[in-house]
Amino acid sequence: MRLRLPRWTTTIHGQITAVIFACLIIAFVIGSTLERWVRNEYNAPDLEAMSARISAIASVLAEATAEERKVVLGAANRGGQALSLRPLSYFDDVTTSSPDEPLVQVAIDRLLPPEDWPVPFGGWRTFVDGKRVLAAKVDAHTLVVMELQPDSFLRNDALRFGSNYLVATVTLIILFSVFAVWAITRPLRRIASSAMKADISVGSAPFEERGSVEIVTLARALNAMQNRISTMVEARTRMLRGISHDLRTPLTRLRLRAERVKEQEVREALLSDIERVDRLLKESLGYLRDNHQQEAFQRADLASILQTVCDDFADMGHKVSYSGPARMVANFKPLALTRAVTNLCENGVKFATKLDVELRTDGRHAIIDVMDNGPGIPEEYRSRVLEPFFKMDAARGNPDAGFGLGLSIVTEIIQGHGGKLELLDRRPNGLTATITLALSRA
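Residues numbered from 1 in each chain as written. Predicted model: local features only at pLDDT ≥ 70, side-chain atom pairs only at ≥ 80, totals over all residues. Heavy atoms only, no water.

Participant: Got a sec to walk through helix α11 (residues 334–351)? Specific residues and values, please.
Facilitator: With 18 residues, α11 ought to run about 26 Å at 1.5 Å a step, and its terminal C-alpha atoms sit 26 Å apart, in line with that. All buried positions along α11 are accounted for by Pro 334, Ala 336, Leu 337, Arg 339, Ala 340, Val 341, Asn 343, Leu 344, Cys 345, Gly 348, Val 349 and Phe 351. (Helix = DSSP H or I, 4+ residues; strand = E, 2+ residues; numbered from the N terminus. Expected span 1.5 Å × (residues − 1). Buried < 20%, exposed > 50% of the residue type's maximum accessible area, 1.4 Å probe, protein only.)

This is how it looks when you write it as structure tokens:
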């Protein structure tokens, strides 16, 4: 039979309340034990009790004769206490501190002062000739004074409260630290990690719904938001895919009609424009395809894929070469990564005369460098060119550039692999696109 906890224990508010109650119980048990142990090990005077005793003795002495006062003081001093009668002028040189007083004792008196009643004559901190004393007024001219022994800086009254206070503080810190990690920090880190890996195109719930009620509510809200975003993106993608596909039919009719135009100059201009529109439609359809997102990870030879891409471009007459190991097996999406490297190479051959594709490893990552000798990209544009539909035609000098989706597709594919894409300068001129991928995935 499974034990069901009360509902209040599943909320952060209830758990904090439970932690405080547990802290109070632990402080009561351990604090009392600590107090008894320290009291047995150290001589801890009880200033409150001493003040009460001196006040009682002073009231007795006030009604006694001179001979009776000697008897009362003698009886009071049998317990080892240093009681004496002093004139009121004894307190003319009283101070509230002593150069020989330990700093710990000063701190204890400031942080844990005794109770306000009965207050000794002159206050709780009175020193005469560097010695701490407690005094009570007997009459208008006489004081009864007790010299305190400097055996211990601890006070019994401070120990009684301070031990509980200390244990409660330490226990509260420890319990709250453990609670914060278990109930708040760890679930939030789990949610943050899921958010970093979340793909809005995937309909499954990426946030694990477990933990306290508040954490579960947060995870459910994020999952619902992810589902709404996925639905919105899917609707937009279907609409754009449909528009791009439906435009192909009238575009084909325009091409057939343009080919029947008799004026050669007009016919070539029309066919050139139709060809450009056709390329843009193919590019947009390629971007809207999400095959790389549905593809599963598998073990494959990364070096072989790069060599194949380079050979394909070389067969088309481009100067594209590969350098690196003949074999490097890793866990990735072969078709998606092929498309990413192909897009980088296509982008490179548009603006450069030579491309070098290099594969290397640092032990934990596979690093692919696609290096060209083109004009490069200014540093202020390197983050923007990774955005969809951003074009930098003037800087790259290509009037036939497309929609600016090639690098966006590369970015999505690399992010789907949990990798990193960087655009760096190449010396003396050119651009280096560096892809960093983990060799193994958990």
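There is more to say, and it comes next.
Participant: Please give an account of the sheet that holds strand β9 (residues 365–372) that cites residues and values.
Facilitator: Read across the sheet, 5 strands follow the order β6-β8-β9-β11-β10 without closing on themselves; strand pairing throughout is mixed. Lying at the two open borders of the sheet, with one neighbouring strand each, are β6 (319–323) and β10 (420–425). The mean inter-strand angle of the sheet, taken between neighbouring strand axes irrespective of direction, is 15°. One ladder, built from 5 bridges, connects β6 with strand β8 (residues 354–361); its direction is parallel. Across the sheet, Val 320 pairs through a bridge with Leu 355, a residue of β8. (Pairing = 2+ DSSP bridges. Axes fitted to C-alpha atoms, helices over the stretch in contact; angles between N-to-C directions.)

Participant: Tell me about the nonpolar core, and name the residues and values.
Facilitator: Residues Cys 345, Val 357, Ile 368 and Val 370 are the most contacted members of the largest nonpolar core, which totals 41 residues. Core analysis: the next-biggest nonpolar cluster, separate from the first, contains 15 residues, Ile 54, Leu 61, Leu 83 and Leu 134 among them. (Core = buried A, V, L, I, M, F, W, Y, C linked by side-chain atoms within 4.5 Å.)

Participant: Mind laying out the state of the cysteines, listing which residues take part and the relevant values?
Facilitator: For the structure on display, the rule yields 0 disulfides. As a non-bridged cysteine, Cys 310 has Cys 345 as the owner of its nearest cysteine sulfur, 5.5 Å distant. Residue classification places Cys 310 among the buried residues on the basis of a relative accessible area of 3%. For Cys 345, a relative accessible area of 0% puts it in the buried group. (Disulfide = S-S within 2.5 Å.)

Participant: Before we move on, could you go through a nonpolar patch on the surface and cite the residues and values that matter?
Facilitator: Together, Ile 20, Phe 21, Leu 24 and Leu 172 give the surface a local cluster of nonpolar side chains, amounting to about 370 Å² of exposed area. For the nonpolar patch, the element with the highest residue contribution is helix α1 (residues 12–41), accounting for 3 residues. Summarising the element assignment, Ile 20 is placed in helix α1. (Patch = residues over 30% accessible without salt bridge, like charges linked within 9 Å, V, L, I, M, F, W, Y side chains within 5 Å. Areas by Shrake-Rupley, 256 points an atom, 1.4 Å probe, with all protein chains shown as cover. Salt bridge = Lys/Arg side-chain N within 4 Å of Asp/Glu carboxyl O.)

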